[in-house]
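Listed below, chain by chain, are the residues.
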Amino acid sequence: MPSPPPPDSAPRAVLREVFGFAGFRGLQQEAVEHVIAGGDALVLMPTGGGKSLCYQVPAICRRGTGIVVSPLIALMDDQVAALRQAGVAAAALHSELEPPDARAALQDLRRGALDLLYVSPERLLSGLIDRLDGLDLALFAIDEAHCVSQWGHEFRPEYRALSVLPQRFPGVPRIALTATADPRTQSDILAALGLDRARVFAASFHRPNLFLAAEPKIGETAQLAAFLARHEGEAGIVYCGSRARTERIAARLAERGAPALAFHAGLEPAAKRAALARFRSGEPVVMVATIAFGMGIDRPDVRFVAHLDMPDSPEAYYQQIGRAGRDGEPAETLLLHGGEDVARARYFLAQSAASETQKQSMRARLEAMVALTETAECRTRALLACFGEGLAEPCGHCDNCRAPPEMQDGTEAARMLLSAVYRTGQMFGALHVIAVLRGERSETVLRHGHDRLALFGLGHDRPVAFWREVVRQLVVRGALSVATGEFASLTLESEAARPILRGETAVMLRASVPGPKPARGRVAARPHPASMPPASMSPGAEARFAALRAWRKREASTQGVPPYVIFHDSVLQELAAQCPASLDDLAEVRGIGASKLRRYGAAVLQALAEG
Ligand code: ADP
Ligand code: ZN
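The text that follows walks through the structure, step by step, so that each part is easy to find. (Residues numbered from 1 in each chain as written. Chains lettered and ligands numbered in written order. Predicted model: local features only at pLDDT ≥ 70, side-chain atom pairs only at ≥ 80, totals over all residues. Heavy atoms only, no water.)

### So, the sheet that holds strand β2 (residues 65-69)
In sheet architecture, strand pairing relies on hydrogen bonds along the backbone and comes in two forms, parallel and antiparallel. Heads up, the condition is: A pair of strands is treated as paired once DSSP finds two or more bridges between them. Helix numbering and strand numbering both begin at the N terminus, where a helix is a DSSP run of H or I of at least 4 residues and a strand a DSSP run of E of at least 2. For helices, the fitted line uses only the C-alpha atoms of the stretch in contact; every axis is such a line through C-alpha atoms, and the angle between N-to-C directions lies from 0 to 180 degrees.
As summarised here, the arrangement of the seven strands in space is β3-β4-β2-β5-β6-β1-β7, forming an open sheet in which the pairing is parallel. The open sheet has two edge strands, β3 (90-93) and β7 (199-202), and neither has a second partner. Strand-to-strand twist in this sheet, taken as the mean axis angle between neighbours without regard to direction, amounts to 20 degrees. Strand direction decides the pairing type here: β2 and strand β4 (residues 116-119), joined by four bridges, are parallel.

Below, the structure is given as structure tokens:
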């Protein structure tokens, strides 16, 4: 018998008794009811939207065990730990399990004692599947279902073999879940998993607690430092485009005393585990990582995500920044970008071994990302538009909403720069071309006789930063390309360059780019979300919050689980604010179900009394 069936296993009762929540959110209820009734479903919700409950509640309500296919061990372990905290019979089967634990899980499965079993797709398809024959199965949940799409950025070939499930287990409902909203990926999931009759539950991907901002790289280190200074004592992620860069940046930050760690796929397994453990410990950690870090990290209180290199699609970008603020509290994101990023991404795409159709799709995504980076409109709205979602009003809190960028006409400057590239023979990088325009008699300029060009010194009244922005704009527009070799030489792309040179098309630049009088300090001067009042706590509540956190930390390390599977910060904050004095009052607090009340009620009341 699947274990302790709650007195009343209607979904709302399970939600209240087991998870301690008063009601379903958004589409949860419909999806839950649909699956309980035996229907297949595809659930599309942003990170933090509450996907897990969509299969956990039906698995508890329905007869038999729910099998959850999940791609990452860390994710499985966290989910299982959190479910056990809530008194649910859950287990995982994966390659890092001790043999006795694996045996126990299999035994429980056979006895029908599990509500939920988490497995990797490999494990399910190599052997485990045969042991499921004849067992009562509540459902199959396929988490991170975008992994089935070969167009996606996290393709896992094993996922495609999950298409055997409907034939092997007719009548067992399947629910696929993902936070990737791209329509192409959705239809891929439905087709590849044979979910022909599935109902699609697509939530809005708008996450009002995420603050979006993008800035051209002016001084990467200073920009990052200003950003991190707003987030001292908080946890976050800094994404870099290469392994070497993660190590360099992490070392630089650590030198300045930041709790920075590098993470990438090339680390030794032990170093990787140590970094993950520190991140999951609930400490303030700045993870400087490649995209290898992320999927399966469900720490809820990630307060910031910065990108030092542009992601290659809006989907990847959204997924990465989506790792911030899963707890619903405000979280800040910053994308730093340069013309070189765009040039490099385009170059690698052109060189890639992908098929022409694949390249076309990748190119479309890349250009959508470039447009999103460059937009002067509400950035949140532009991002949602990439997923076919409209936002009636501008979001009001992205960088462009808070400080609408003023534009200036840069057509004349653009023509000057293109001419300078042409006249210097399309062999030089941006620095040299800019030096010529600014009339600098550098050694290289003199050696090539570029001081004798008619346009030598024509642009002397503009600072280097201005000309860099012109170069960046021209690269973004495809009028210039940057060679990826040692010298990063600029060449004209005639199709896009010609109309500019002829004065047939205008080039607009952001007015905030340093003009004749260098305007410094723009980055720091900009209003930013962290300056918005945080949910303020009274001094008393603050002390109680600290006491609760200290208790949680002790409890977590005794049990060997991350603190957030015991209680999220948001629950502790609510406890600190409300200061319930009895177990009955405690039961009213969101996120405290019957099991946690039993296990921790007394300790929480004591911590509150001490705080
Ligand atoms: P996702 O898997 O979609 O990223 P989760 O399932 O991890 O999101 O849920 C995100 C957070 O929202 C979790 O802390 C979860 O406990 C909370 N949550 C989910 N559903 C509800 C609900 N109905 N009421 C209150 N909190 C909820
Ligand atoms: Zn906006």
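### What about the nonpolar core?
Let me state the cut-off plainly: What makes a nonpolar core is a set of buried Ala, Val, Leu, Ile, Met, Phe, Trp, Tyr and Cys residues whose side-chain atoms join them at distances within 4.5 Å. In this scheme, a residue with accessible area under 20% of its type's maximum is buried, one over 50% is exposed, and one in between is partly exposed, where area comes from a 1.4 Å probe on protein chains only. Annotation comment: domain bounds sourced from an automatic or database domain assignment.
One finds I67, L117, L124, I142, M287 and F293 to be the most contacted residues of the largest nonpolar core, which totals 73 residues. Split by domain, this core shows at least three residues from each of two domains, domain 1 (11-202) and domain 2 (210-402). Listed in part, the 34 residues of the second largest apolar core include V35, L53, I60 and A90.

### Some thoughts on the site of ligand 1
We count it as follows: A molecule or strand has a residue near it when one of that residue's heavy atoms lies within 4 Å. Under this definition, polar contacts are N or O atom pairs within 3.5 Å; protein pairs additionally need one hydrogen-donor-capable and one acceptor-capable atom, and for neighbouring residues in sequence, both atoms have to be side-chain atoms. For this classification, the nonpolar set comprises Ala, Val, Leu, Ile, Met, Phe, Trp, Tyr, Cys and Pro, the charged set comprises Asp, Glu, Lys and Arg, and every other residue, Gly included, is treated as polar.
Taken together, 16 residues form the shell around ligand 1, and within it G48, K51, S52, R326 and H568 come nearest. The separation between a nitrogen atom of ligand 1 and a polar main-chain atom of G23 is 2.9 Å. One of the side-chain N or O atoms of Q28 is found 2.9 Å from a nitrogen atom in ligand 1. A total of three residues in the shell around ligand 1 trace back to one element, the largest contributor, which is helix α3 (residues 51-61). Of the residues belonging to the shell around ligand 1, the class tally is four nonpolar, eight polar and four charged.

### A word on the environment of A102
Rules: Every residue pair with non-hydrogen atoms within 4.5 Å of one another is taken to be in contact.
One can find A102 in helix α5 (residues 99-111). When the C-alpha atoms of A102 and L490 are compared, they prove to be 59 Å apart, with 388 residues separating the residues in sequence. Dropping the residues within four chain positions of it, A102 is found in contact with L93, L97 and R123.

### Observations regarding the coordination of the zinc ion (ligand 2)
Filter applied, for reference: Keep in mind that water is not among the atoms, so a site may look incomplete; donors are the N, O and S atoms within 2.8 Å of the metal, or 3.2 Å for Na, K and Ca. A site with four donors is called tetrahedral when every donor-metal-donor angle falls between 85 and 135 degrees; four donors are called square planar, and six octahedral, when opposite donors sit more than 155 degrees apart and all other angles fall between 65 and 115; any other arrangement is irregular.
Around the zinc ion (ligand 2), the protein supplies C378 (SG), C395 (SG), C398 (SG) and C401 (SG) as donor atoms, at distances of 2.3 to 2.4 Å. Note that the zinc ion (ligand 2) binds four donor atoms; their angles at the metal cover 104 to 119 degrees, and the shape is tetrahedral. Mapping the donors of the zinc ion (ligand 2) onto the primary sequence yields the spacing C-x16-C-x2-C-x2-C. Separated by 23 residues along the polypeptide, C378 in the loop between α14 (356-374) and α15 (379-386) and C401 in helix α16 (residues 399-402) bring together distant segments of the chain. On the basis of relative accessibility, which here comes to 8%, the residue C378 falls in the buried class.

### Looking at the environment of R415
Along the chain, R415 falls in helix α17 (residues 411-423). With 91 residues separating them along the chain, R415 and A506 place their C-alpha atoms 9.9 Å apart. The contact partners of R415, leaving out residues within four places of it in the chain, are I500, L501 and G503. A distance of 3.2 Å separates the side chain of R415 from the backbone oxygen of L501, its partner in a polar contact.

### Things to note about the side chain of D309
Residue placement: D309 occurs in the loop between β13 (302-307) and α12 (314-321). Accessibility expressed as a relative area gives 11% for D309, which makes it buried. In this structure the side chain of D309 is engaged in a polar contact, spanning 3.4 Å, whose partner is the side chain of K217. Separated by 2.9 Å, the side chains of D309 and R245 make a polar contact. Not counting residues within four places of it along the chain, the set of residues in contact with D309 comprises K217, Y239, C240, G241, R245, L335, L336, D341 and R344.

### Focus on the packing of aromatic side chains
Formally: Only Phe, Tyr and Trp rings are paired, with Trp represented by its six-membered ring, and only when their centres lie within 6.5 Å; those with planes under 30 degrees apart are stacked, over 60 edge-to-face, the remainder tilted. Only when the NZ of Lys or the CZ of Arg is both within 6 Å of the ring centre and within 35 degrees of the ring normal is a charge said to sit over the ring.
One pass over the full model with this rule turns up 13 aromatic pairs. Within the aromatic cluster, the residues linked to one another by ring pairs are F205, Y318 and F387. R299 extends its terminal NZ or CZ atom over the ring of F279, reaching a point 5.3 Å from the ring centre. Against the face of F466 rests R462, its NZ or CZ located 4.0 Å from the ring centre.

### Some remarks on the pairing of β2
Within β2, five of the five residues are buried, leaving the element largely enclosed by the surrounding structure. Burial of the side chains of β2 extends over both faces: T65, I67 and V69 are buried on one face and G66 and V68 on the other. The pairing of β2 with strand β5 (residues 137-142) spans five bridges and is parallel. Along β5, the bridge assignment pairs T65 with L137.

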